[in-house]
Amino acid sequence: MGLALLVIIWLITFISTYFFVAKVWWLPHAASAAAPWIDHQFALTYVLMGTVFVAAQCGLGWLVWKHRDGASSKPAGYSHGNATLEIVWTALTAALFVGLNLMGSHVWASERFAPATTGAVPVEVTGMQFAWYFRYPGPDGKYGRTDLKLMDPSAGNEAAIGLDTSDPAAKDDVVTGTMYLPVQREVDLTLRAVDVIHSFFVPALRFKQDAVPGLAIHMHFTPTEIGDYEIACAELCGLGHYKMHGVVHVVSQEDFDKWLAAREGEK
Amino acid sequence: MEPMSAHAATHHAPPQGFIRKYVFSVDHKIIGIQYTTLSLVAAFIGMALSWAMRIHLGWPDAHIPLLSMFSPNGAPGGLMTPEYYLSLMTMHGTIMAFFVLTAAPMAGFGNFMLPIQVGAADMAFPRLNMASFWVTFVGFVLACATFFIPDGPPLSGWTAYAPLSAVGTVAGPGQGWGQNFWGLSIAVFCVASLLGALNFIVTTLDLRTKGMTLSRLPLSTWAWFINAWVSLLAFAVLLPTCLLLVLDRLGGTSFFIPAGLVINDQLQPHSGGSPLLFQHLFWFFGHPEVYIIILPAFGIVSHILPTFIRKPLVGGWKAITYAMIAVGTLSFVVWGHHMFVSGMSPFMAMVFSVPTLFITIPSVIAVLIWTFSLYRANMRFDTPMLFSLGFISLFISGGIGGFFLAQPSTDSYLHATSFVVGHFHFTMGLSAIFAAFAGFYYWFPKMWGRMMNETLGKVHFWLSFVLVYCVFMTMHLTGFAGAVRRYSAFVDDFMVPLIPTQRFISVAALLLGAAQFIFLFNAIWSRFQGPKAPDNPWGATTLEWDTTSPPPFDNFGGRQITVYHGPMEYDGEASVMQTSPEVSVAGT
């Protein structure tokens, strides 16, 4: 029985480790400025914790086999603790964990603690059951007024978020159901929700943030590669949660300007 | 420290008649069995729900005929609707977290064993004890009733985040009376848990028999005692939270609903509430809750291990007890790690990540104690031992995943993915279940007076152990690939390639569930046909093994119990009962 436990625990450990190391399932291709840092933190945690995992499980398997009943004629040995050893392993664990966390903290801080730099592209994301809307403030750089009474999600675009067209600042606001972003420019994101909590998750950008009704949440990030990236809702928002998805088109600055001008023209 | 009352008093005469004896019983042993049975029923219901969910996730077009008979609206023609999937998921989480994982290891085994382990004739407040079981039962009936009300069970998850859970039917199906029943069910469950916690604390402090000092308490009793304090503080917060939620829904208040919500084109008549307030209140309970689930598991495994390794744990009673106290205390200052991306201040995320990493230290110490205790042991592999070893392995694996989630930078990607689902099923779900199985196989002879079948027990262990890894380790992998949890189908391009993996998980989950019927058969068959159990089948040393199997009504047949030793008097073949005045063999 001891041998069986050893074999099964080791097998589970090695098979699990193989799938992680072989990256059969892995983070999607990274396409934002923070992504390499986040992936680096993943890799670091991965190597450290993978080592601990293999050591702990293999150790467990080995001890179980080695000290099964009848393996030796020696009576059970026991200790009442070893203060030095206990202090050493506690200190080591503490140092490892806190150090790991400190290393990752700048990635977290860089997108959140300070506002976006000037010149960033402002985009307002609004989540509602079960769609995302994206607003660009237009040439004036100012978001126009919205009015709850004017909201008509079934009409889509500007009417969906209740844009008040009588406000001069609203005249040039563009609202779309698909997100366009220029590559290599910082995006100054404002996240809102009108009904229940949603969460704006773009796996390729390593970006996730809840959109909470009653709050306007600011974050910023920089897409670094041209391409189309999927948006998924990551907070349970009702029956259509699973299909509340969208697409971010990261395009060249030139294409972005063209697209925005075309949208302005359509209004 | 000497206990306050030197000997246990008999509180009440043996009851006469079936109702007083087995239904509205004040006997802690019957109440323990009632809780255990309720948890078993709840566990199989919760498992059936997970089966339906896993079939749907693996084969979204599958027709499940039984389901359409059970819920013609939720699964017309047997094809599950997205909202019914979410309802099943909500009730799976609710039933498993509250009525199985919170109830079985603490209220089930604790009620039966704690008074015996401290040498008492019953709990300190037997009537309160009866009340706490029957209040739990009402909570369970309310939860199950949601399946039979017209608009079905709630769909906002076991976490019931507001405003989705608070605004009513306007937010879609599953938000009608099902959600009200849910709030009331959990509120009622909180009351029962508070009553139970009081009883555990007072019994441990006041009813210890002569010589049963705190340092001689069995580790399971220590765990239940510490856990009772954690429960007392945590459920005291969840109770008002549920009531406020129900008030928002029925009383027109706006505790959790901000102004200006437009849902389904309708402006909501609420103002001034905060969705984040709900999350703070819920997780102030919710994080201690995962330790409320796992601390009794720590205790059960720490209690069982010495019996089967035939030596005390490394560091004696102190090291593991201090680790459990540290875990219980720190569990109250880490709740914000559930809310890194919730819209809470990002500075607070950094603040909460620090105690979150610190709470792993006592957990690591506990794991090291169990593992190092195996060194130079003479291990016996009876079924309770196998499940204890399985617990250690699962808890290590779950704990490793925790490091990815404790750091805001990596959690922001993994949050709300199946990585989290795999992680918490390892750490608080299956770890606690494995410990509960260990406890069940270990104490079954004492509770019912018969032995369980060892071969079936071992088959149950091997299948469960391997399949649990197949299901939940794989969820970690799909989480890395970005699979979002709480999706009733996978339509995003990046999740579609994972569907074959989802099918693998589903097959493993169905087999894992099937393996549990081996256990159920073994338990029911052994209850009636198993060989008669001796008083002390495992050669253990604590007080529950120093009385008949099952124990008489007053636990020790009127014997005056005096305790001379700690609970881990093992040295290979030699062992000394706690009540034996013989000389110590292990110095505990």
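Residues numbered from 1 in each chain as written. Chains lettered and ligands numbered in written order. Predicted model: local features only at pLDDT ≥ 70, side-chain atom pairs only at ≥ 80, totals over all residues.

Description of the sheet that holds strand 9 (residues 227-233) of chain A
All names here are of chain A.
Reasoning step 1: The five strands lie next to each other as 4-10-9-6-7, forming an open sheet whose pairing is mixed. The sheet is open, and its two edges are formed by strand 4 (179-182) and strand 7 (207-211), each paired on a single side. With strand direction ignored, the average angle separating the axes of adjacent strands in the sheet is 25°.
Reasoning step 2: Both strand 6 (residues 198-202) and strand 9 contribute to a ladder of two bridges, which runs antiparallel. Its bridge partner being in strand 9, Phe200 is matched across the sheet by Cys233. (Pairing = 2+ DSSP bridges. Helix = DSSP H or I, 4+ residues; strand = E, 2+ residues; numbered from the N terminus. Axes fitted to C-alpha atoms, helices over the stretch in contact; angles between N-to-C directions.)

With respect to unusual backbone geometry
Reasoning step 1: A cis amide bond links Ala162(B) with the next residue in sequence, Pro163(B), at an omega value of 0°.
Reasoning step 2: Mapped onto the elements of the fold, Pro163(B) is located in the loop between helix 5 (126-145) and helix 6 (177-206).
Reasoning step 3: With an omega of -10°, the peptide bond between Ser549(B) and Pro550(B) qualifies as cis.
Reasoning step 4: The residue Pro550(B) is located in the loop between helix 15 (499-529) and strand 3 (570-571) in this model.
Reasoning step 5: Phi at Arg206(A) takes a positive value of approximately 55°, unusual for a residue other than glycine.
Reasoning step 6: Along the chain, Arg206(A) falls in the loop between strand 6 and strand 7.
Reasoning step 7: The backbone of Ala416(B) shows a phi angle near 65°, a positive value even though the residue is not glycine.
Reasoning step 8: Note that Ala416(B) resides in the loop between helix 12 (408-414) and helix 13 (418-448).
Reasoning step 9: According to the C-beta neighbour criterion, Ala416(B) is buried, with 24 such atoms within 10 Å. (Buried ≥ 20, exposed ≤ 12 C-beta atoms within 10 Å, placed from the backbone.)

Re the interface of chain A and chain B
Reasoning step 1: Taken together, the 81 residues of chain A in the interface contact 89 residues of chain B.
Reasoning step 2: Counting residues per element, the ones that place at least two in the side of chain A that touches chain B are helix 1 (2-21), helix 2 (35-66), helix 3 (83-110), strand 6, strand 7 and strand 9 of chain A.
Reasoning step 3: Here the element with the most residues in the side of chain A that touches chain B is helix 2 of chain A; it accounts for 13 residues.
Reasoning step 4: Of the residues that constitute the side of chain A that touches chain B, the class distribution is 48 nonpolar, 23 polar and 10 charged. (Contact = placed C-beta atoms within 7 Å. Nonpolar A, V, L, I, M, F, W, Y, C, P; charged D, E, K, R; others polar.)

Remarks on the nonpolar core
All names here are of chain B.
Reasoning step 1: One finds Leu295, Val301, Phe391 and Ala438 to be the most contacted residues of the largest nonpolar core, which totals 271 residues.
Reasoning step 2: Tallying contributions element by element places helix 4 (residues 82-117) first for this core, with 22 residues.
Reasoning step 3: Sequence-distant contacts of Phe391, defined by excluding residues within four places in its chain, comprise Ala297, Val301, Ser431, Phe434, Ala435 and Ala438. (Core = buried A, V, L, I, M, F, W, Y, C linked by C-beta atoms within 7 Å.)

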